[in-house]
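The primary structure of each chain is shown beneath.
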Amino acid sequence: MSDRPMIEVRDVTRSYGNFKALDNASLTIREGEFFSLLGPSGCGKTTLLRMIAGFDTPTNGAILIDGQKMAGIPANRRPTNMVFQSYAIFPHLNVEQNVGYGLKRLRLEKAEEKRRVDEALAQVELGGLGRRGAGELSGGQRQRVALARALVMRPKVLLLDEPLSALDKKLREQMQVELRHLQQSVGITFVLVTHDQYEALAMSDRIAVMFGGRIAQVDTPKQVYQRPVNRQVADFLGGMNFVRARIVGEAEGHIVVDTPGFGQVRAERPRQFAPSNGSATLGIRPERLRVLWDEETAKHQVSGTVVDRHYFGEITHLVVEIPGFEAPLSVTETNNFGADDIPVGAPIRLAYDPDALVAMAD
Amino acid sequence: MNAVLRRAAINWLPAYAALYILFLYGPVLLLPLFSVNDSATPTLPFAGFTWKWYEQLWGNREMINAAWNSVRVGLAAAILSTVLGICGARAVTRYRFAGKRAMSGLIMAPLVLPEIIVAISLLLVLLAFGMSLSLVTVTLGHVLICLPYSMVVLMSGFEGFDRSLEEASADLGETAFGTFRRVTLPMVAPAILASLLVSFTISFDEFIVAFFLSGTDPTLPIYIWGQLRFASRLPAVLALGTIMLIGSFLLVTIAELLRRRAVARTKTDGGLFV
Amino acid sequence: MTAAADSARPVEPGVLPRRSFLQGEQAQGLALISPTFLYALILLLLPILVVIAHSFWTQDYLTIDRTLTLENYREALTEPMYRDLLMRSMAISFAVSVATVLLAYPVAYFISFHGGRHKNLWLFIIMVPFWTSYLLRVMAWKVILGYQGVLNTGLVGVGIIDEPSNAFLYNTTAVVIALTHAWAAFAILPIYVALEKVDRSLLEAARDLGDGPVRTFLRVTLPLSMPGVIAALLIVMIPTVGDYVTPRLVGGTEGVMIANAIQAQFGRAANWPLGAALSVTTMVAVSAMALVAVFILRAAARLAR
């Protein structure tokens, strides 16, 4: 991966009548990066991907690929290739013909064309299946053919539109790992569209989280998860306990907030933060709260009562009511110490690390 | 009680369906049967087997002329209605636009209009335009009658067509024309062929519109209509009818097989006109 | 998630990059359908309007008098011959459509519910006769029902009757039978489609809630397939009212229908305006009958619940 920008999205808006599918989005994707566009249905992520591919045109703004402006360049002349959500495997062609579809236009020598097709099929571990008809493929195989067909073109950017959503859970997890390895070995910039936060967290170098046509946050998976810029991002990426906080002080890069439960906390000053009427939201992920057993104590702890318990096999979710807190806290605890045996109604103490408390915009 | 009822229902239905098919086919199958009967009238019992009615057809210039007219009209109507059908079906299955329902409703209307209404209204307008009646006017009318069927066949072929296939082709560097040639055409070709065959069959067999719109050149059904006045020519008409039945059957069977192939390619399902 | 869901509107590759997408799709769709639509407009809608116009004109030998008048309608509605023909045509088309639907429903039901893997084959087998020449199919009935026809000679041969009977051919019954046969296949399709759309779990739900098979059929299947029944009824009723071939071939003088009179006005009698008025009257009358039938069927379906 280098720092050279491969894709630049500059102030791009896409409107359909009064509806803005994408609203003034700006973004830079680096060369060799595995980049994900993450968000719920209708957030504009597919629209953005299709504009990069050339299937849609920005109403305003510009898209550059490898430094070149893409306006007016149709999809068939862009250095991008796409893995479609439906895979779009040509049903009247076999695997080889599908993979070789784009090469036909390059008028390569027969042997060279065959070599490249075989190489691409080997890359996706489909060697030997070249003669299979499109109708005889399993879901996972279709996905691999779509991947090989795009990779064989040696694009500068590979675009993936929810490529794993049609697969079952187990295959999906396996393909996540394989896709990541594949990207690292070919070194091509991958742009993935997904609504599955785990997929984005597991595969990406960086993630852009999108809501309602706007890009809310662009960061590494860890940052996006641990330091969400607002409640919406925090919520979309997993469970989060929210506490309303009053801002009592500000320092270089930090703010000091006062909450009814955790007391005075010094927290990293959130980006995109405009302290309005002196309040903010303080959040902590359920797994960052730890149950204190028996006589164990911690420097930072709260105590309360278990009001509900949900068993999930390897973990247990506890809902804990704590005096002074406006809402009960969710706690995720692994089951190796017997969290699944804590009865509802039992008193409980929870430890937390103040660094795990994140301040964010409402 | 429920089990008894259900068993009765299950036993009753297949038997009824078989009877129904007998009702559908029985009368039609009488034509081939009596076309080889060695008797001037279609009476029971059979008088013996003969090919002579078919042999009579062979030298009948009038009949051959009419058949040739029907072939020409059928080909022209099939091509025109398929070309127009491709435009209409593609527009309806792929695009959203204001007035789509009303427009496709008008195109499909001949399906539910009495043919005589279509025929006389066309007659009035064509004469008002100063066109003299000929095989051309018959063709114009037949296209109108065939269009709804072409539309249905083509729409079933286009319906499941995944738009991303064309996008994938463009994405892989193919031009718009190349995409049409390498992806779109091979996938919808069976549906287009099916539409050609179905429209040809309909036009070839169509009587009322031809009856009103033809000039001095008769089509085959008009020729048959004329022959029906003479009882003595009935056996020959039966022989001719048998040939037409077999022809229609073959064309429609091929059309259905092709259409299924088109549907299988675009991965939706249904029968002809379902 | 599909592209359409993501953008709340379908995404169309912009062929005209500078124009807004909606305009582009609208324009492309209209451009594509326009040849077909214009064909139907000029050769179907316009002609029908011309027919309606003619029905308000009069004809004096070969010249058309374009003064608006209701004279043709007066004649069409009061002349006993036309009134009788119209009433008989309506009665025949009503009988044929009801008979066709009643006969077709169980077959459509059988194919949809018990057709198994061969549904398409069943449908195809049923549709094949429909594709053969209409003229020939009606002619077959002449062969069956005629004085020297299969039925007569067969019955005489077996000794059930002593001499051929004239009772089979050339009457209204013969017309109804031949028409029912001709349209039998076509009525199955809409009913079948409607039955296919019935969610099978609804039937299980009805059974689960205590209805037996008959009550389940009456309370769930039948009402849900009613759109198909209505479509089948209309698809048979409207075209048959104007049938010309069948009454001419097997109707005799008793089975003459309105289309024969219309044809006469455009042929021998050469009174186009009267022919036009008869056509318009027929269409209006059959539409009214169809509307009433639809209304009654809907009401019946509501009651069945």
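Residues numbered from 1 in each chain as written. Chains lettered and ligands numbered in written order. Predicted model: local features only at pLDDT ≥ 70, side-chain atom pairs only at ≥ 80, totals over all residues.

1. Side note on the overall build of chain B
Broken down by element type, chain B carries eleven helices and zero strands. In chain B, the succession of α and β elements from N to C terminus is α-α-α-α-α-α-α-α-α-α-α. For the C-alpha atoms alone, the extent of chain B along its principal axes is close to 70 × 70 × 35 Å. Per-residue burial for chain B yields a buried fraction of 54% across its 274 residues. Long-range pairs, those at least 24 residues apart, make up 79% of the contacts in chain B with a sequence separation of at least 6. (Helix = DSSP H or I, 4+ residues; strand = E, 2+ residues; numbered from the N terminus. Buried ≥ 20, exposed ≤ 12 C-beta atoms within 10 Å, placed from the backbone. Contact = placed C-beta atoms within 7 Å.)

2. A word on the overall build of chain C
Assigned secondary structure in chain C consists of 13 helices and two strands. Taken over the C-alpha trace, chain C has a radius of gyration of 25 Å; the compact-globule value for 305 residues is 19 Å, which it surpasses by more than 25%. Dimensions along the principal axes, computed over C-alpha positions, put chain C at roughly 70 × 60 × 35 Å. By residue count, 46% of the 305 residues in chain C fall in the buried class. In chain C, once contacts between residues fewer than 6 apart in sequence are set aside, the share between residues at least 24 apart is 71%. (Rg over C-alpha atoms; globule rule 2.2 N^0.38 Å.)

3. Here's the deal with the UniProt feature "domain: ABC transmembrane type-1" (unreviewed entry) in chain C
Mapped onto the present numbering, the UniProt feature "domain: ABC transmembrane type-1" (unreviewed entry) falls at residues 86–293 of chain C. Structurally, residues 86–293 of chain C is divided into 79% helix and 0% strand, and its ends, taken at the C-alpha atoms, are 18 Å apart. (UniProt positions renumbered as here; feature names shortened; annotations may be inferred.)

4. Focus: the nonpolar core
Grouped together as the largest cluster of nonpolar side chains are 283 residues, with contacts concentrated most on Val-191 of chain A together with Ile-191 of chain C. With 18 residues, the top contributor of residues to this core is helix H8 (residues 172–197) of chain C. (Core = buried A, V, L, I, M, F, W, Y, C linked by C-beta atoms within 7 Å.)

5. Some thoughts on the interface of chain C and chain B
Each partner contributes residues to the interface: chain C has 79 residues there, and chain B has 77 residues. When grouped by side-chain class, the residues that make up the side of chain C that touches chain B number 58 nonpolar, 19 polar and two charged. (Nonpolar A, V, L, I, M, F, W, Y, C, P; charged D, E, K, R; others polar.)

6. Focus: the UniProt feature "transmembrane region" (unreviewed entry) in chain B
Residue and element names in this part refer to chain B. The residues that UniProt annotates with the feature "transmembrane region" (unreviewed entry) are residues 12–34, 73–93, 105–129, 135–155, 191–214 and 234–258. Split by type, residues 12–34 is 100% helix and 0% strand. Its first and last C-alpha atoms lie 33 Å apart. End C-alpha to end C-alpha, residues 105–129 measures 26 Å, and it is 72% helix and 0% strand.

7. A closer look at the sheet that holds strand E6 (residues 80–83) of chain A
Residue and element names in this part refer to chain A. Pairing within the open sheet is mixed, and its six strands lie in the order E6-E7-E8-E3-E9-E10. In the strand order of this sheet, the two ends are held by E6 and strand E10 (214–219), each with one partner. Neighbouring strand axes in the sheet, compared pairwise and without regard to direction, differ in orientation by 20 degrees on average. Taken together, the four bridges between strand E3 (residues 34–38) and strand E9 (residues 206–211) define a ladder with parallel strand orientation. Paired with Leu-38 across the strands is Val-209, a residue of E9. Sheet strands touched by helix H4 (residues 139–151): E6 and strand E7 (157–161). Its angle to E6, the strand with the most contacts, is close to 175 degrees. (Pairing = 2+ DSSP bridges. Axes fitted to C-alpha atoms, helices over the stretch in contact; angles between N-to-C directions.)

8. With respect to the interface of chain B and chain A
Counting residues at the interface gives 16 residues for chain B and 17 residues for chain A. Counting only elements with at least two residues in the side of chain B that touches chain A, the list comes to helix H7 (163–171) and helix H8 (176–205) of chain B. By residue number, the principal contributor to the side of chain B that touches chain A is H7 of chain B, which donates six residues. Its residues assigned to classes, the side of chain B that touches chain A shows seven nonpolar, three polar and six charged.

9. Topic: unusual backbone geometry
In the Ramachandran plot, Tyr-87 of chain A falls in the positive-phi region, its phi being about 75 degrees despite a non-glycine side chain. Of note, Tyr-87 of chain A is situated in the loop between E6 and helix H2 (95–99). With 25 C-beta atoms packed within 10 Å, Tyr-87 of chain A lands in the buried category. One non-glycine residue with positive phi stands out, namely Tyr-170 of chain C, at about 60 degrees. Here Tyr-170 of chain C lies in the loop between helix H7 (150–158) and H8.

10. Looking at H4 of chain A
It helps to recall that an α-helix has 3.6 residues per turn; residues three or four apart then point in one direction. Residues and elements named next belong to chain A. Given a rise of 1.5 Å per residue, 13 residues ought to cover 18 Å, and the 18 Å separating the end C-alpha atoms of H4 matches this to within 8%. Residues of H4 that are buried include every one of Gln-143, Arg-144, Val-145, Ala-146, Leu-147, Ala-148, Arg-149, Ala-150 and Leu-151, and no others. Here the buried face of H4 lies against E6, H2, helix H3 (110–123), E7 and helix H5 (169–186). (Expected span 1.5 Å × (residues − 1).)

11. Remarks on the confidence of the model for chain B
Here chain B averages 86 in pLDDT, while 92% of its residues score no lower than 70. Note that residues 268–274 of chain B has pLDDT below 50 and, in this model, 19 contacts with residues that lie over four places away or in other chains. (pLDDT = per-residue confidence, 0-100.)

12. Here's the deal with the environment of Gly-239 of chain A
Residue and element names in this part refer to chain A. You can see Gly-239 is positioned in the loop between helix H8 (231–236) and strand E11 (241–251). Judged by the 13 C-beta atoms lying within 10 Å of it, Gly-239 falls in the partly exposed class. Through-space distance from the C-alpha of Gly-239 to that of Tyr-101 is 45 Å; in sequence the pair is 138 residues apart. Other than its neighbours up to four places away in sequence, Gly-239 contacts Arg-285, Pro-286 and Ser-330.

13. Here's the deal with the sheet that holds strand E18 (residues 329–334) of chain A
Residue and element names in this part refer to chain A. The antiparallel open sheet is built from five strands, whose spatial order is E15-E19-E16-E17-E18. Here the strands that pair on one side only, and so sit at the sheet edges, are strand E15 (289–292) and E18. Strand-to-strand twist across the sheet, computed as the mean angle between neighbouring axes with direction ignored, equals 50 degrees. Pairing geometry for E15 and strand E19 (residues 347–352), over four bridges, is antiparallel. Within the sheet, the bridge partner assigned to Arg-290 lies in E19 and is Ala-351.

14. Re helix H4 (residues 80–114) of chain C
Residues and elements named next belong to chain C. Compared with the 51 Å implied by 1.5 Å per residue over 35 residues, the 50 Å span of H4 between its first and last C-alpha is a close match. The principal kink in H4, of about 30 degrees, is found at Ala-104, preceding the proline Pro-106 by one to four residues. Within two residues after H4, Gly-116 carries a phi angle of roughly 60 degrees, on the positive side. (Bend = angle between axes of the 7 residues up to and from the residue.)

15. Notes on the UniProt feature "transmembrane region" (unreviewed entry) in chain C
Residues and elements named next belong to chain C. Cross-referencing UniProt, the feature "transmembrane region" (unreviewed entry) maps to residues 37–57, 91–114, 120–136, 167–195, 216–238 and 276–297 in the present numbering. When the span residues 167–195 is considered, its composition is 83% helix and 0% strand, and the gap between its end C-alpha atoms is 39 Å. Its end C-alpha atoms 31 Å apart, residues 216–238 is made of 100% helix and 0% strand.

16. Quick word on the environment of Gly-100 of chain A
Residue and element names in this part refer to chain A. Here Gly-100 is to be found in the loop between H2 and H3. Looking at Gly-100, the number of C-beta atoms within 10 Å reads 23, which means it is buried. For Gly-100 and Lys-114, which are 14 residues apart along the polypeptide, the C-alpha to C-alpha distance reads 8.0 Å. Those residues in contact with Gly-100 that sit more than four places away from it in its chain are Glu-113 and Val-117.

17. A word on the packing of helix H3 (residues 61–94) of chain B against helix H6 (residues 135–159) of chain B
All names here are of chain B. Taken N-terminus to C-terminus, the directions of H3 and H6 make an angle of 40 degrees; their axes are 6 Å apart at the nearest point. By the angle between their directions, the pair H3 and H6 is classed as oblique. Read as a crossing pair, H3 and H6 show a hand that is right-handed. When the residues that make up the contact of H3 with H6 are grouped by side-chain class, the tally is 17 nonpolar, nine polar and three charged. (Parallel < 35°, antiparallel > 145°, perpendicular 65-115°, else oblique. Left-handed = near helix turned anticlockwise from the far one by under 90°.)

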